[in-house]
Structures are given as C-alpha cells and as structure tokens.
Amino acid sequence: MDKEFLLRAIEKANESVANGGFPAGAIIVKNDQIIGEGISIGNKLDDPTAHGESVAIRNACQNLSTTDLSGATLYASMQPCVMCLGAAMWSNISKIVFACPMNKVDESYYGGHYDLIEINSNFTHPIEIVHLDSLENDSLAVVRNWEKSLNI
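Chains are numbered independently. Their residues run from 1 in the order of the written sequence. Restriction of local features to residues with pLDDT of at least 70 applies here, the model being predicted, together with a cutoff of 80 or more for giving and counting side-chain atom pairs; totals for whole chains, interfaces and linings are based on all residues. Computation of side-chain values: all heavy atoms of the structure, hydrogens and water removed.

Caption draft 1: Examining the pattern of salt bridges more closely. In the sections that follow, a salt bridge refers to a side-chain nitrogen of Lys or Arg positioned within 4 Å of a carboxyl oxygen of Asp or Glu. Taken as a whole and assessed by the stated rule, the structure comprises seven salt bridges. With a shortest N-O distance of 3.3 Å, D2 and K95 are connected by a salt bridge. Placement of the pair is D2 in helix α1 (residues 2–18) and K95 in strand β4 (residues 95–100), with a sequence separation of 93 residues. D2 gets classed as partly exposed once you look at its relative accessible area, which sits at 23%. Residues E11 and R8 are paired through a salt bridge, measuring 3.1 Å at the closest nitrogen-oxygen approach. Taken together, the residues span about one helical turn, with E11 and R8 both in helix α1 at a distance of three residues. Exposure classes here rest on a 1.4 Å probe applied to the protein chains alone. A residue is buried below 20% of its type maximum, exposed above 50%, and partly exposed in between. By relative accessible area, which is 45% here, E11 ends up partly exposed. In this structure R8 comes out as partly exposed when scored by relative accessible area, which is 25%. Because the salt bridges share partners, they merge into one network encompassing R8, E11, K12, E15 and E37. Segments assigned H or I by DSSP are reported as helices when at least four residues long, segments assigned E as strands when at least two residues long, and all are numbered from the N terminus.

Caption draft 2: Highlighting the pairing of strand β5 (residues 128–131). In the sheet, β4 pairs with β5 via four bridges, with the strands oriented parallel. If you follow K95 over to β5, its bridge partner there is E128. A clockwise path from the first strand over the helix to the second, with the strands pointing away from the viewer, defines a right-handed crossover. In this fold, β4 hands off to helix α5 (residues 116–121), which returns the chain to β5; that crossover is right-handed. DSSP calls a pair of strands paired once it identifies at least 2 bridges connecting them.

Quick look at the structure:
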C-alpha cells in the first residue's frame, strides 16, 4: 500500500507544479483511507508555511476535527523539511514515507543542510521514517521538470 499512496503524493507534486507551485505534494492516510492532501503553493498563497506536508496535515486535522493524527502516515513526494517534520511531530503522525531524499536536490530547497534523522531521534516520540527509494526517480523527475521550466 505504501507504494500506491506514495504515487498519489507524487501526483500531488505534479498538481502543485501545474498550479505554479513547488514540486512537492503529500497525503495523509489513516486506516487505509486518505484523510488529507496538500500541494506546495505557498508562493501563490503568500504563506511560507504552505508546504505540501503542512497543508496535508491541516487538511487531515480539519477533516477529522482533531489535532491528533496518531496512527496516520504522511506520504511525501520529497523528504519533509524541518518545519514539516515538526508539524508531523506536533500532530502525532506515526510514520512518514517519502520518495526523494533531500540530498538529491539543491540544499536551498530545504533552507540549508541539516540531519532530519538526528532531529527526529531527539523527539519524545520519534516518528518512523521510511525512504521508499523505488519511487525516488519518479519524484525526482517532477523536480527536474520543474527546474527546467525555471531554466535552473
């Protein structure tokens, strides 16, 4: 199921680009049901916190009328940034599955270089983090196509 849901997050990344945003998308799943979705169009919303993962967390919390997403999995096309990792921790996300690791793209996309695994290990309740490398190239293709459109 992880692969199927992660492919949906990559579809959200394409949707984000189609809407003029950053090439990252995310979904939140609980009990095999999608409970939240997000795309990264913070640049269009004038909201620097509107990353795909944060938007998906907000959406899931609103859909369930709670701030507690215990038992839920965050599927992200790209490895979440430190802000989104923090949001996942505060909402009690149990697991994060991502496709494209941060070391495969320009570090400016993450605001610099830091070790998310180390940060996560210092949480009171660390989140299970899984890199599904079989979909890495699928996610990276969205990033590279976006970069070409910007002439990067």
